[in-house]
Amino acid sequence: MSLYVEGPTSLTDSFGLRAEPQLYNADLAPTTPEQRTWGTYNYIALWFSMSMEVTTYMLASSLIAGGMNWKQAVGTVLLGNLIVLIPMVLNAHAGTKYGIPFPVFVRASFGVRGANVPALFRAFVACGWFGIQSWIGGQSICAMVNVLWPATAAMPWVLWTCFIGFWLLNMYVVWRGVESIRFLQSFSAPFLLTMSLVLLGFMTHKAGGFGPMLDAPSQFPSNSSFFHFFFLSLTGMVGYWATLSLNIPDFTRYAKSQESQIVGQAFGLPVAMTLYTFIGIACTSASTVVFGHPIWSPITLLGQFHQPFIAFLALISILIATLNVNIGANVVSPSNDFSHLAPRLISFRTGGLITGCIGLMMMPWKLMASHVDYIQWLVSYSGLLGPVAGIMIADYFFIRETRLDTESLYRRDGAYEYRKGVNWKAMIALAAGMFVALIGRPVPELRFLYDYAWFVGFGVAAVLYVALMGSSPRVGGATPLAQRIKPNGLEKRLDTALGTGAGAKARTVATPECQS
């Protein structure tokens, strides 16, 4: 029998252990050694492919449209991504160590039933993003079709046909499974980088060089007006990846090692985002030189050039880029989250179909009216997800010191049962963090709290959670079962993670071999 740190060996009958059906299915199970195929390159490719897409371009160009010069815009994006990299890597640790997805990991802090609350928060935000990305993808394809066949510009049905067609393509990739994502990203990342640089070179040529493109000064009349927009934008930058900072275990559970995911993410995220941000900023600045006004949407920008060859290349690039990020960032997590609600009834594929349908129902064409609405969307949902990240990190690193009992994550009446499956201390901390983060939206006097929504929510929830849990016994921190396996022998031991009452029983586990 092959043994792996916190792999499914801890859930097999070989050790007298059973996972309860309402908390377990094949998609939620810890990954096997054979599934641990993602190396450093895969995580670098993941971030390059997810960064190089239309919404990242718009993220950067919205800063220029808001009044920043190129140095201020690049610096804002870089700082925001370095900040969000911290919770990204911290939450990724448990995915690699225990092979568990986000909705299972969050059971440790919220309880085996209470985990549905943060999982659904994350899922519905992802559904919104899925709808936005599908709309942008369809809109982009339609714009390119209009360039190739100008007569279609007067046919509204073409846009909706492109939108639905792109949505169906996303559903097909979901049906093929998570390995299709890794394959798609592995070959598309170099292609996307090449095509982005080609676009940059083309716009630089049209603008007459980098000088005219990047000479535009900052448009803010005072430092106070700049810093107001800066901090709001910084929160938006963090909020952009706030969703994936929660469900990153959905990807790192496939990592070959901690080093693979840490190095891959530490290089891939800030480098990819900064590089593609510069491309978006430079192209937007060039549009001011070439057309007399900034064009923040690459769809509109590409539509200005009536050259079929350029339109075809742009179509292929946008198609692959948007498909990559939509599947990677907006389908994997909600699919697992919906599966978590009813593991026996909802598989990864079914969860992906649910995600796609909800994404349509959220009417994404109304969420992207302008660059102002775009930033507000990012800041608003960051106030919902920041508190979840704060609780998860505080629980895993400060309360449990990175030690989880994997079996109890899949059982009732175990270490993470709390009160009828819900950790009400986590719920209180979550509600407090969300309230403080978002109260500034309806109350103008507290607007400054909303401008820092992710940071405020994260800090309030984390501190309050540690304070509430400080007097609680550190249950669920037993040495992981598979880490106690030694090939030379077995011994009877009482698993203290299950308590000392009737639920505790002696079971056959292995003698200690290593700790991590």
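Here the structure is a predicted model, which means the values were calculated and not measured. (Residues numbered from 1 in each chain as written. Predicted model: local features only at pLDDT ≥ 70, side-chain atom pairs only at ≥ 80, totals over all residues. Heavy atoms only, no water.)

Student: Any chance you could explain the overall build of the protein here in plain terms?
Tutor: Scanning the protein for helices and strands turns up 21 helices and two strands. Long-range pairs, those at least 24 residues apart, make up 83% of the contacts in the protein with a sequence separation of at least 6. Put simply, the protein shows about 19600 Å² of open surface, and 67% of that area lies on carbon and sulfur atoms. (Helix = DSSP H or I, 4+ residues; strand = E, 2+ residues; numbered from the N terminus. Contact = heavy atoms within 4.5 Å. Areas by Shrake-Rupley, 256 points an atom, 1.4 Å probe, with all protein chains shown as cover.)

Student: When you look at helix H3 (residues 70–98) in this model, what are you seeing that I'm missing?
Tutor: Residues lying three or four places apart along an α-helix face the same way, a consequence of the helix completing one turn every 3.6 residues. Over its 29 residues, H3 extends 42 Å from the first C-alpha to the last, a length consistent with the 42 Å expected when each residue adds 1.5 Å. Where H3 begins, the side chain of asparagine 69 points an oxygen toward the backbone nitrogen of lysine 71, at a separation of 3.2 Å. Count one or two residues on from H3 and you reach glycine 99, which has phi positive near 70 degrees. (Expected span 1.5 Å × (residues − 1). Polar contact = N/O pair within 3.5 Å; in protein donor to acceptor, adjacent residues only side chain to side chain.)

Student: Sorry if this is basic, but what is going on with unusual backbone geometry here?
Tutor: The general pattern is negative phi for most residues beyond glycine and trans for most peptide bonds. With a phi close to 55 degrees, glutamate 401 is a non-glycine residue in the positive phi region. In this model, tyrosine 418 sits at a positive phi of 50 degrees, which is unusual for a non-glycine residue. Assignment of secondary structure puts tyrosine 418 in the loop between helix H18 (371–399) and helix H19 (424–438). Since its relative accessible area comes to 27%, tyrosine 418 is described here as partly exposed. (Buried < 20%, exposed > 50% of the residue type's maximum accessible area, 1.4 Å probe, protein only.)

Student: Hey, could you run me through the packing of aromatic side chains in this one?
Tutor: The relation between two aromatic rings is expressed through the spacing of the ring centres and the mutual angle of the planes. Tallied over the full model, the rule gives 25 aromatic pairs. Both rings, one in tryptophan 129 and one in tyrosine 381, keep their centres 6.2 Å apart while their planes meet at 85 degrees; by these two values the pair is edge-to-face. Of this pair, tryptophan 129 sits in helix H6 (residues 116–148) while tyrosine 381 sits in helix H18; the two residues are 252 residues apart in sequence, bridging distant segments of the chain. Here tryptophan 129 matches tyrosine 381 in class, with each residue buried. Three or more aromatic residues link up through ring pairs in this structure, and these residues are Phe220, Phe226, Phe227, Phe229, Phe230, Phe231 and Tyr452. Just above the ring of tyrosine 410 sits the side chain of arginine 107; from NZ or CZ to the centre is 5.5 Å. (Phe/Tyr/Trp six-rings, centres within 6.5 Å; stacked < 30°, edge-to-face > 60°. Lys NZ or Arg CZ within 6 Å of the ring centre and 35° of its normal.)

Student: Just checking my understanding: could you explain the pattern of salt bridges for this structure?
Tutor: A side chain of one charge can pair with a side chain of the opposite charge if their charged atoms are brought near each other. Counting across every chain of the model gives four salt bridges. Across the salt bridge formed by arginine 400 and aspartate 395, the nearest N and O atoms sit 2.8 Å from each other. Residues arginine 400 and aspartate 395 agree in their burial class; the two are buried. One salt bridge connects glutamate 417 with arginine 412, and the closest N-O pair in it is separated by 2.7 Å. (Salt bridge = Lys/Arg side-chain N within 4 Å of Asp/Glu carboxyl O.)

Student: For this particular structure, what's the right way to read the packing of helix H7 (residues 156–176) against helix H17 (residues 348–361)?
Tutor: How two helices sit against one another is set out by the angle between their axes and by the gap between those axes. Two numbers describe how H7 lies on H17: the axes approach to 9 Å, and their chain directions differ by 160 degrees. Classified by the angle between their axes, H7 and H17 sit roughly antiparallel to one another. Note on packing geometry: the crossing formed by H7 with H17 is right-handed. Touching Phe163, Trp167, Met171, Val174 and Trp175 of H7 are Phe348, Arg349, Gly352, Leu353, Gly356, Cys357 and Leu360, all from H17. (Axes fitted to C-alpha atoms, helices over the stretch in contact; angles between N-to-C directions. Parallel < 35°, antiparallel > 145°, perpendicular 65-115°, else oblique. Left-handed = near helix turned anticlockwise from the far one by under 90°.)

Student: What should I look at first to understand H7 in this one?
Tutor: Relative to the 30 Å expected for 21 residues at 1.5 Å per residue, H7 spans 32 Å between its end C-alpha atoms, a close match to the ideal helical length. Buried within H7 are the following residues: Val158, Cys162, Phe163, Phe166, Trp167, Asn170, Met171, Val173 and Val174.

Student: Would you mind going over the side chain of glutamate 417 with me for this structure?
Tutor: Looking at where glutamate 417 falls in the secondary structure, it is placed in the loop between H18 and H19. Taking the relative accessible area as the measure of exposure, glutamate 417 reaches 9% and is therefore buried. Within the structure, glutamate 417 has its side chain in polar contact with the backbone nitrogen of aspartate 413 (distance 3.2 Å).

Student: Help me understand the packing of H6 against H7 in this model?
Tutor: Where H6 meets H7, the closest approach of the two axes is 8 Å, and the angle between their N-to-C directions is 130 degrees. By the criterion of interaxial angle, the relationship of H6 to H7 is oblique. In this structure, H6 crosses over H7, and the sense of that crossing is right-handed. Only Val158, Leu159, Trp160, Cys162, Phe163, Phe166, Trp167, Asn170 and Met171 of H7 make contact with H6, whose side of the interface consists of Phe130, Gly131, Gln133, Ser134, Trp135, Gly137, Gly138, Gln139, Ile141, Cys142 and Val145.

Student: Mind showing me how you'd approach the confidence of the model for the protein here?
Tutor: A low pLDDT score tells you not to read the predicted coordinates there in detail. Scored by pLDDT, the protein has a mean of 78; 80% of the residues are at 70 or more. At the level of individual helices and strands, the protein shows its lowest average pLDDT in strand S2 (residues 506–510), which scores 33, and its highest in H19, which scores 96. Between residues 477–516, whose pLDDT stays under 50, and residues either more than four places distant or in other chains, the model counts 83 contacts. (pLDDT = per-residue confidence, 0-100.)

Student: Please clarify how the nonpolar core should be interpreted in this entry.
Tutor: Grouped burial of nonpolar side chains is what soluble globular proteins tend to show. Of all hydrophobic cores here, the largest spans 113 residues; its most connected members are Trp129, Trp241 and Leu404. Of the residues forming this core, the biggest block, 14 residues, is contributed by H18. (Core = buried A, V, L, I, M, F, W, Y, C linked by side-chain atoms within 4.5 Å.)

Student: Explanation requested: the environment of isoleucine 391 in the structure shown.
Tutor: Here isoleucine 391 lies in helix H18. In contact with isoleucine 391, other than residues within four places in its own chain, are Ser109, Phe110, Ala426, Ala429, Leu430, Ala461 and Tyr465.

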